Amino acid sequence: MTTKVLLVEGDAAQAAELVEMMAAGAHDDFVVEHAESVAAAGPLLAAGGFDAVLVDFGDPIGRSADLAGLVAAAGAVPVVVLTDRDDQELGAAAMQAGAQDYLVRRDINGEALRRVLRYSRARIRAQAAFEQTLAAHGRELEREVAERTSKLSREIADRIRVEAALRESQHRIQAITDNLFEGVLVVDGAGMVVFSNRSARLLLGGTLCDTLAERHVDEVFTLMEGKRVRRFGDGPFHHVARTGELYQNDDAVFQTAMGRTLVVALACSPLIDEGRRVGAILSFRDIGAIKKAQQEALQASKLASVGQLAAGIAHEINTPTQYIGDNLRFIGDALATLMPLLDRLRALALDGQMSPAEREDLRQALERADFDFLLEEMPAAVGQSLEGVGQVSRIVLAMKEFSHPGEREKVAINLNRAVENTLAVSRNEWKHVAEIDLDLDAGLPDVHCLPGEINQVLLNLIVNAAHAIERARPGGMGRITIRTRSRDGWIDVVVADDGTGMSDEIKERIFDPFFTTKEVGKGTGQGLAICRDVVVNKHGGRIVVDTEEGRGSAFTVSLPLGDGATAGFAAQ
Ligand SMILES: Nc1ncnc2c1ncn2[C@@H]1O[C@H](COP(=O)(O)OP(=O)(O)OP(=O)(O)O)[C@@H](O)[C@H]1O
Ligand SMILES: [Mg+2]
């Protein structure tokens, strides 16, 4: 390897000697340039290309200012100082001035000089490389720090933005939900209230400022099912939070801690956070006023139907009453005729004396009175009258049982009897259009229900069936089949007809309030809406229809057996 050295030596002889020393190396190739003074060295150094500078400062060195100048001019090139004297102070001064090494003239030989120059160069290179690496590391570090700082400030800005957006959206949700008519309550998996809107607080707490947060839902209200209290732990809300199933109850009752009883339509769905079920969201609407209106509508429609039935019932009663009257008049007339005859017959029977003229007279009187006819007809007239009276009292009893005035608690009744009563009071509605097929299960168990309202359901179904038949066969007769059955915990009543049946579009809407296809005055569209309310909401039952256009329809009402407390809710 070539090492290019700048030799700064004022003494030409010594310079020659040193050059020779350096040139004597077997393995190294030293190229030496010679400057006679520090000043002369400057331009050479400026031209560059040296691996080391060897400078002889003689004895004493004493010119460290020049040495410092030389070191500065050398820049990265190592400067090695030669002196005549071995003196620690001199050495230290040289090193302080920036020299790489310090050699005493008389101690060195060619080999040592070359080694020192080589090492200086290697050391300087190593140091330069090290410094370069260090600088590179420093730059890398600075870059990383700058990058992280900017990333961090970006993240902080993002977080501030996200938090602001979150706050804003929370405010928005609160503002929106506060303006909802529905109460909204969110509970966690343990039943603690974590969110409530204004309506919920108003309905459950009672005052505007009363906060429900941080309270257990059981301390706020409990869900009632009949007389049964459902606490959070064993109630439907916990079930929803646990299983994710939805819960809906259009006729639920809340008992609030403030002592209020609320009738609500209620829906409960799971609260999902990052795919996990963490609680339940309840939304509910106070339907107390609607229930009251519905009750009034039911009452009104009951009155209306009794009113409508009244003409038919009057007719049903009028017919037997009329022939009872006719018969009694006949019996009265007959008795008026028979009395004098009987009187004469008694006299004859007692004294036994009668002239032939008298006998003839009596015979003619008996003939005139149509005695044989009266003997035959009078018992028949009495029998017919008794039958008529029976019929009247049956209708009156049916009417009494049908209307069940004031019955507001569920009682156990036999639905077969309810069917018979309803048929009796509505006879005039169907007798001209249909024959009735009764298929009543003789072993039908009693069912707990509100009898007046169940009768109303049966009446609506029977009248609808008669109307459908009337429309399908004007002037003809159809058939209404009524079947009762019991099956594991339920009682089914089917009212089937062979009337018009229904299209799919009609079938979808029949339970909507005020939906009717009948002309004004014949239908109000309330009948089936009331049926559904009574069966589903008040009895926890079901009402379904199976129908085919042109063939007829079959409505099935299913009521749960049981004590009435668990089956749906009592009427409010
Ligand atoms: N058995 C049936 N066959 C065919 N259509 C029926 C039958 N029952 C009900 N419908 C249809 O459903 C509609 C709604 O019945 P709903 O009993 O609610 O009211 P409505 O009978 O029209 O009037 P309302 O009962 O109030 O006097 C009827 O108008 C009719 O179109
Ligand atoms: Mg109807």
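Predicted, not measured: the structure shown is a model, and the values here were computed from it. (Residues numbered from 1 in each chain as written. Chains lettered and ligands numbered in written order. Predicted model: local features only at pLDDT ≥ 70, side-chain atom pairs only at ≥ 80, totals over all residues.)

Glancing now at the nonpolar core. Within the largest apolar cluster, 38 residues are counted, with the highest numbers of intra-cluster contacts made by Ile-462 and Val-495. Only α12 (415-425), β15 (447-449), α14 (451-472), β16 (478-487), β17 (490-497), α16 (527-539) and β19 (552-560) provide two or more residues apiece to this core. Here the element with the most residues in this core is α14; it accounts for 10 residues. Sequence-distant contacts of Val-495, defined by excluding residues within four places in its chain, comprise Leu-461, Ile-462, Ala-465, Ile-480, Ile-482 and Phe-555. Of all hydrophobic cores here, the second largest spans 35 residues; its members include Ala-35, Ala-52, Leu-54 and Ala-74. (Core = buried A, V, L, I, M, F, W, Y, C linked by C-beta atoms within 7 Å. Buried ≥ 20, exposed ≤ 12 C-beta atoms within 10 Å, placed from the backbone. Helix = DSSP H or I, 4+ residues; strand = E, 2+ residues; numbered from the N terminus. Contact = placed C-beta atoms within 7 Å.)

Turning our eyes to something else, we now look at the packing of α14 against α16. One way to put it is that α14 packs onto α16 with a least axis distance of 9 Å and a crossing angle of 145 degrees. Like other packed secondary-structure pairs, α14 and α16 cross with a definite hand, here left-handed. Packed against α14, whose contacting residues are Glu-453, Ile-454, Gln-456, Val-457, Asn-460, Leu-461 and Asn-464, the element α16 presents Gly-527, Leu-528, Ile-530, Cys-531, Val-534, Val-535 and Lys-538 at the interface. Considering only residue class, the contact of α14 with α16 consists of 8 nonpolar, 4 polar and 2 charged. (Axes fitted to C-alpha atoms, helices over the stretch in contact; angles between N-to-C directions. Left-handed = near helix turned anticlockwise from the far one by under 90°. Nonpolar A, V, L, I, M, F, W, Y, C, P; charged D, E, K, R; others polar.)

This next bit is on the site of ligand 1. Among the 22 residues in the neighbourhood of ligand 1, the closest are listed as Ala-468, Thr-516, Gly-523, Gly-527 and Leu-528. Mapped by element, the contributors of at least two residues to the shell around ligand 1 are α14 and α16. Here the shell around ligand 1 takes 4 residues from α14, the largest share from any one element. In the shell around ligand 1, the residues fall into 8 nonpolar, 12 polar and 2 charged. (Near = placed C-beta within 6 Å.)

Attention now moves to the sheet that holds strand β18 (residues 542-548). One open sheet accounts for 5 strands, arranged β14-β16-β17-β19-β18; its pairing is mixed. Across the chains shown, the open sheet's two edge strands, defined by having one partner strand only, are β14 (434-439) and β18. Geometrically, the sheet is characterised by an average inter-axis angle of 15 degrees between neighbouring strands, direction not taken into account. With 8 bridges joining them, β17 and β19 adopt antiparallel strand pairing. Following the sheet pairing, Ala-496 is matched in β19 by Ala-554. On the sheet, α12 packs against β14, β16 and β17 and is oriented at approximately 160 degrees with respect to β16. Packed onto the sheet, α14 meets β14, β16, β17 and β19 and runs at close to 20 degrees relative to β17. (Pairing = 2+ DSSP bridges.)

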